[in-house]
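Secondary and tertiary structure notes
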Amino acid sequence: MLTSEANKARASRRPERILIIEDEESIREAIAHSLQRESYEVLTAVNGTAGLDLMQKGSMQQGLTQADHSTIAFDLLILDLMLPDMSGFDLCRQIRHQGSNLPILIISAKSSEGDRVTGLDLGADDYLPKPFGMRELIARCRVLLRRWDALPLPPPLLTVRDIVLNLHMASVIVRGKEIALSPKEFQLLEIFMLHPRQVLTREQLMKQVWGREAIGDYKTLDVHVRWLREKLEINPSQPEYLITLRGFGYRFC
Ligand code: CA
């Protein structure tokens with residue numbers, strides 16, 4: 001249960017803002033209507049391009065204070081998979097690639113286990129097969145928004161020695177120079193930088209970056225560590241940052 005302070009804080013905030021990207025008008029309108037009745041602020045887009053556009057505009061809105069700039073403009077995205085201009089999977093991938101952790105609920109007539117797994121693998125938080133009842137949709141939105149609410153915002157900048165990782169910008173500076181990392185490399189480095197000088201087992205790292213199902217596929221992890229070394233280390237064959245501890249795992253710095 002929420003404490004009275006949390007209730008007060010919640011009451012004083014703007015209503016939670018939800019973006020719906022769905023090309024089918026009847027479904028889009030039905031969802032928007034139901035959510036508005038629950039006092040959510042709702043914006044809609046009829047295709048992927050319009051949705052991305054709204055998200056970009058949202059983050060540059062006028063009237064935001066400096067502090068607001070580091071927060072997202074939407075609190076939740078409801079995303080249809082089959083859109084006229086792009087697949088929801090691609091959109092999901094693109095959003096995560098930009099470093100956003102906006103909660104994403106996929107709604108789709110494609111309801112095979114494979115589709116659900118693909119959606120979740122690409123960074124969606126939940127997957128609701130069509131047709132669905134509005135009460136279930138609202139309940140799932142509430143869960144995602146609550147989970148998001150409970151997450152403490154990580155510090156935007158992580159600095160270890162001469163490496164600076166900016167979580168909001170999804171950028172990494174090494175010895176004064178920005179380097180390009182893939183999303184998995186970035187996630188891996190983030191975990192290392194959140195736990196400097198600690199031994200992290202390969203199981204822990206696999207679970208955090210690739211999920212529980214991937215545990216055991218250490219080759220993938222080792223390859224990513226090698227790629228990270230090539231980008232971080234002065235001499236990748238004699239690593240000073242990312243140390244292998246045979247039989248234990250890896251230690252950063
Ligand atoms: Ca559709």
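Criteria and thresholds
Residues numbered from 1 in each chain as written. Predicted model: local features only at pLDDT ≥ 70, side-chain atom pairs only at ≥ 80, totals over all residues. Heavy atoms only, no water. Pairing = 2+ DSSP bridges. Helix = DSSP H or I, 4+ residues; strand = E, 2+ residues; numbered from the N terminus. Axes fitted to C-alpha atoms, helices over the stretch in contact; angles between N-to-C directions. Contact = heavy atoms within 4.5 Å. Buried < 20%, exposed > 50% of the residue type's maximum accessible area, 1.4 Å probe, protein only. Core = buried A, V, L, I, M, F, W, Y, C linked by side-chain atoms within 4.5 Å. Donors = N, O, S within 2.8 Å, 3.2 Å for Na, K, Ca; no water. Salt bridge = Lys/Arg side-chain N within 4 Å of Asp/Glu carboxyl O. Parallel < 35°, antiparallel > 145°, perpendicular 65-115°, else oblique. Nonpolar A, V, L, I, M, F, W, Y, C, P; charged D, E, K, R; others polar.

Ordered in space as 6-7-8-9, the 4 strands form an open sheet in which the pairing is antiparallel. At either margin of the open sheet sits one strand with a lone partner, and together these are strand 6 (157-160) and strand 9 (177-179). Taken pair by pair, the neighbouring strands of this sheet meet at an average axis angle of 25°, ignoring direction. Pairing between strand 6 and strand 7 (residues 163-166): 4 bridges, direction antiparallel. Along strand 7, the bridge assignment pairs Val-160 with Ile-163. Here helix 8 (residues 183-194) sits on the sheet and contacts strand 6, strand 7 and strand 8 (171-174); the angle it forms with strand 7, its principal contact strand, is near 115°.

What follows is about the pairing of strand 3 (residues 76-80). Burial analysis of strand 3 places 5 of its 5 residues in the buried class, the great majority of the element. Along strand 3, one buried face is formed by Leu-76, Ile-78 and Asp-80 and the opposite face, lined by Leu-77 and Leu-79, is buried too. Two strands pair when backbone bridges link them, and strand 3 and strand 4 (residues 104-108) are joined in this way by 4 bridges, in the parallel orientation. Across the sheet, the residue bridging to Ile-78 is Leu-105, located in strand 4.

Side chains of nonpolar character tend, in soluble globular proteins, to be buried together. Core analysis: the biggest nonpolar cluster contains 30 residues, and Val-172, Leu-189, Leu-232 and Phe-252 have the highest contact counts within it. Of all the secondary-structure elements, those providing two or more residues to this core are strand 6, strand 7, strand 8, helix 8, helix 9 (202-210), helix 10 (218-232) and strand 12 (249-252). Leave out the neighbours within four places in its chain, and Leu-232 touches Ile-163, Val-174, Arg-175, Ile-179, Leu-189, Tyr-241, Leu-242 and Phe-252. Met-55, Phe-74, Leu-91 and Cys-92 belong to the second-largest nonpolar core, a separate cluster that totals 22 residues.

The strands making up a sheet associate through backbone hydrogen bonding, with each pair oriented either parallel or antiparallel. What the 3 strands build is an open sheet, ordered 10-12-11; its pairing is antiparallel. A strand with exactly one partner marks an edge of an open sheet, and here the two such strands are strand 10 (199-201) and strand 11 (242-245). Strand-to-strand twist of the sheet, defined as the mean angle between neighbouring strand axes without regard to direction, takes the value 30°. Relative to strand 12, strand 10 runs antiparallel, the two sharing 3 bridges. Bridge pairing in strand 12 places Val-199 opposite Arg-251. Taken strand by strand, helix 9 contacts strand 10 and strand 12, and its axis lies near 70° from that of strand 10. Here helix 10 sits on the sheet and contacts strand 11 and strand 12; the angle it forms with strand 11, its principal contact strand, is near 145°.

Looking now at the coordination of the calcium ion. Summarising the metal site, the calcium ion is bound by the protein donors Asp-23 (OD), Asp-80 (OD) and Met-82 (O), whose distances to it range over 2.2 to 2.3 Å. Sequence positions of the residues that donate to the calcium ion give the spacing D-x56-D-x1-M.

Turning to the pattern of salt bridges, a few remarks are in order. Scanning the model with the defined rule gives 12 salt bridges in all. The partner of Arg-161 in a salt bridge is Glu-240, with the nearest N and O atoms 3.7 Å apart. Placement of Arg-161 in the loop between strand 6 and strand 7 and of Glu-240 in the loop between helix 10 and strand 11 is noted, with a sequence separation of 79 residues between them. Assessed through its relative accessible area of 43%, Glu-240 is described here as partly exposed. Ionic pairing is found between Asp-222 and Arg-202, a salt bridge with its closest N-O pair at 2.4 Å. Here Arg-202 lies in helix 9 and Asp-222 lies in helix 10, a separation of 20 residues in the sequence.

In this section: the packing of helix 8 against helix 10. Two elements in contact, helix 8 and helix 10, have axes separated by 10 Å at closest approach and are oriented at 85°. Between helix 8 and helix 10, the angle is such that the two are roughly perpendicular. Mapping the contact onto sequence places Lys-184, Glu-185, Leu-188 and Leu-189 in helix 8 and Leu-221, His-224, Val-225, Trp-227, Leu-228, Lys-231 and Leu-232 in helix 10. Counted by class, the contact of helix 8 with helix 10 contains 7 nonpolar, 1 polar and 3 charged residues.

Further remarks concern the environment of Phe-74. Tracing the backbone shows Phe-74 in the loop between helix 4 (66-69) and strand 3. A C-alpha to C-alpha distance of 9.5 Å links Phe-74 and Glu-41, two positions 33 residues apart in sequence. Dropping the residues within four chain positions of it, Phe-74 is found in contact with Arg-17, Ile-18, Leu-19, Leu-43, Leu-54, Met-55 and Leu-102.

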